[in-house]
Amino acid sequence: MTATSPRPAVAVIPGASVGRALLRGAAGSAPPAVALVLGIWGNWAPSAWTDEIVTIDVARRSWPQLMELLGRVDAVHGLHYVLMWLVGQLNGGLNEFTARVPSAAAVAVAAAGLSWLGRLLGGPRLGLYAGLLLAVLPTASRYAQEARSFAFVMAVAVLATGVLVKVLSSPAGGRWPAGYAVLIALLGWFNLLGLLLVAAHAVTVILRRPGRRVVVRLLLALTAGLTAVVPLLILAAAQSSAVGDAAPVTAGTPFNYFTWLLTPGQATLPTALKLLLTSTALAALALLAIRRHKAPSLALAVGVPWLAVPPLLLMAVSLGHPLFAYRYLLFCLPALALLLALAATVVPPYQQLLLVLLPVVPLYASHRAIRQEDSRQWDTHAVIRILRIHDAPGDAVLFSGARCGLIATAFKEAFTARPDLGTDRTAATLGTLDHLPATPALLQQRLTHTPRVWLITCNHLSADARQAAIRTAAAQKQALVRGGFFPAFHRSAPGVDVTLEQRSAEGAIGRWE
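Cut-off values and rules
Residues numbered from 1 in each chain as written. Predicted model: local features only at pLDDT ≥ 70, side-chain atom pairs only at ≥ 80, totals over all residues. Heavy atoms only, no water. Helix = DSSP H or I, 4+ residues; strand = E, 2+ residues; numbered from the N terminus. Rg over C-alpha atoms; globule rule 2.2 N^0.38 Å. Contact = heavy atoms within 4.5 Å. Areas by Shrake-Rupley, 256 points an atom, 1.4 Å probe, with all protein chains shown as cover. Buried < 20%, exposed > 50% of the residue type's maximum accessible area, 1.4 Å probe, protein only. Pairing = 2+ DSSP bridges. Axes fitted to C-alpha atoms, helices over the stretch in contact; angles between N-to-C directions. Expected span 1.5 Å × (residues − 1). Disulfide = S-S within 2.5 Å. Patch = residues over 30% accessible without salt bridge, like charges linked within 9 Å, V, L, I, M, F, W, Y side chains within 5 Å. Salt bridge = Lys/Arg side-chain N within 4 Å of Asp/Glu carboxyl O.

Peer 1: Describe the overall build of the protein chain, and please don't skip the residues or the numbers.
Peer 2: In terms of regular secondary structure, the protein chain is built from 23 helices and six strands. Against the compact-globule benchmark of 24 Å for 513 residues, the protein chain has a radius of gyration of 26 Å, which places it among compact chains. Judged by the C-alpha coordinates and their principal axes, the protein chain covers about 110 × 45 × 45 Å. Of the contacts made within the protein chain by residues no fewer than 6 positions apart, 78% connect residues no fewer than 24 positions apart. Put simply, the protein chain shows about 22,700 Å² of open surface, and 66% of that area lies on carbon and sulfur atoms.

Quick look at the structure:
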């Protein structure tokens, strides 16, 4: 062929081009749309529990009160609190629904980001599969319906991993390293334990062995991002006493954690369905391991460390200082979705069909379970409902248990006409997360003017909080006995007990049925 010879025409198949365009469009739009719908579906049904009640209470404080709180405690959640405060200001207030919607949006961003990452690693099909799988996993929906920072950590982790891939794939660099620095800073400010992702990224870089210039750019970006987190690290170190308890690591922790990634706790599934779901996922990963030569090597270098390194590091640290709580590792859930999607792209069609059909029933059952009213640690809806049905004019409330009194501040409308006898000063005025309890003398004085008291006891407490709650409960019971009160009605709900204390046996309404 001479230099002037025309090149042979390349046949273009219109149907194939349209199909690829539709696949790219679906990969970009379907995952976030599904994630957002599932995140909002039924988010008003589950009762707000301890941590969510704290979020609502803190977001309802004035700006000076919020800044005072973060200077004393819980600065590690400060960025999320500020975001929720802004949501409350824009919305004219905050309730369970509006407090949870931002988390649903964050999960939608995570699904969109994972779809983008999948396209970078293996094309539109991998992107579509990975994004949709993350969107439909019950654990993603569970934290899309929780007014805490964990969904935001997951979203930022996905975006940071996508930017890492762009840096590794773009020798020229461009603006991607600066974006990586910003995302690492955001990751740390949303939750310091999210920075465990950096260790997974380091393993990915080692496995890929990019050129020295790429490594230097990444190190500079990482240094800038971590430097931006240093003020939070210093403040958090001074507030370390505010860190709650975590269960000790045992031999069963890795399997339990893997199961939690697929379906969250609180007995959301019968054992048989949970085993079916877990076995299907493990089988998919085993098939991926067998057929790994058919998978893009970069996808494996990204997904495997992301899934494995952060939990292993946290388990190792927790052997000396218990920190291992599953929710801290929610940002590893997209890695599992990515690897399961990758498995679906390398197996024959009949195996793909099995991998889709086998988990349908467990996934549906888990989605239904996490949307039940009593699926959280505290059933605050039951408390409010009991008071609405059975209270009488002049009734008061008495809360027992750490942060239990925040129920009244987070749900002011339900407690407007029911004075809280056990609080001397509120947490908002103190700049803390706990109310100042009334002294025995003050409580006794208040009881003399009250015919009936609803004693609300919160039981889902950490070990330290439980000891303090026992002492407070003993003092409250003593004050009630001295005031001539005795139990006339009792009802237990998940995480809470509700007891009506009154002075006379006449009119006792009996046990709840």
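Peer 1: Tell me about the pairing of strand β6 (residues 496-502), residues and numbers included.
Peer 2: With respect to burial, β6 is a largely interior element, seven of its seven residues being buried. Judged by which residues are buried, β6 turns out to be covered on both faces: V496, V498, L500 and Q502 on one side and D497, T499 and E501 on the other are all buried. By the bridge criterion, seven bridges tie strand β5 (residues 486-493) to β6 in an arrangement that is antiparallel. By the bridge assignment, R491 is partnered in β6 with V498. Here β5 folds back onto β6, and the loop between the two strands holds two residues, one of which, G495, carries a positive phi near 80 degrees.

Peer 1: So what about the sheet that holds β5? Which residues, and what values?
Peer 2: One open sheet accounts for four strands, arranged β1-β4-β6-β5; its pairing is mixed. In the strand order of this sheet, the two ends are held by β1 (396-400) and β5, each with one partner. Neighbour-to-neighbour, the strand axes of the sheet open up by a mean angle of 20 degrees, direction not taken into account. Strands β1, β4 (452-458), β5 and β6 of the sheet are contacted by helix α18 (residues 380-390), whose axis makes an angle of about 170 degrees with β4.

Peer 1: Describe helix α6 (residues 124-136), and please don't skip the residues or the numbers.
Peer 2: In a regular helix each residue adds 1.5 Å, so 13 residues correspond to 18 Å; α6 covers 18 Å between its end C-alpha atoms and thus fits that length. Of the positions making up α6, those classed as buried are L126, G127, L128, A130, G131, L134 and A135.

Peer 1: So what's going on with the state of the cysteines? Which residues, and what values?
Peer 2: Per the stated rule, a full pass over the model turns up one disulfide. At a sulfur-sulfur separation of 2.0 Å, the disulfide partner of C404 is C458. On the S-S bond that ties C404 to C458, the torsion sits near 60 degrees, and the link is right-handed. Here C458 lies in strand β4 and C404 lies in the loop between β1 and α19 (406-410), a separation of 54 residues in the sequence. For the pair C404 and C458, one class covers both residues: buried.

Peer 1: Help me get a handle on a nonpolar patch on the surface, residues and values and all.
Peer 2: On the surface, a cluster of nonpolar side chains totalling about 460 Å² of accessible area is made up of L353, V356, L357, V360 and V361. Listing elements by their share of the nonpolar patch, those giving two or more residues are α16 (349-357) and α17 (360-369). In terms of residue count, α16 provides more of the nonpolar patch than any other element does, three residues in total. Relative to the assigned elements, L353 resides in helix α16.

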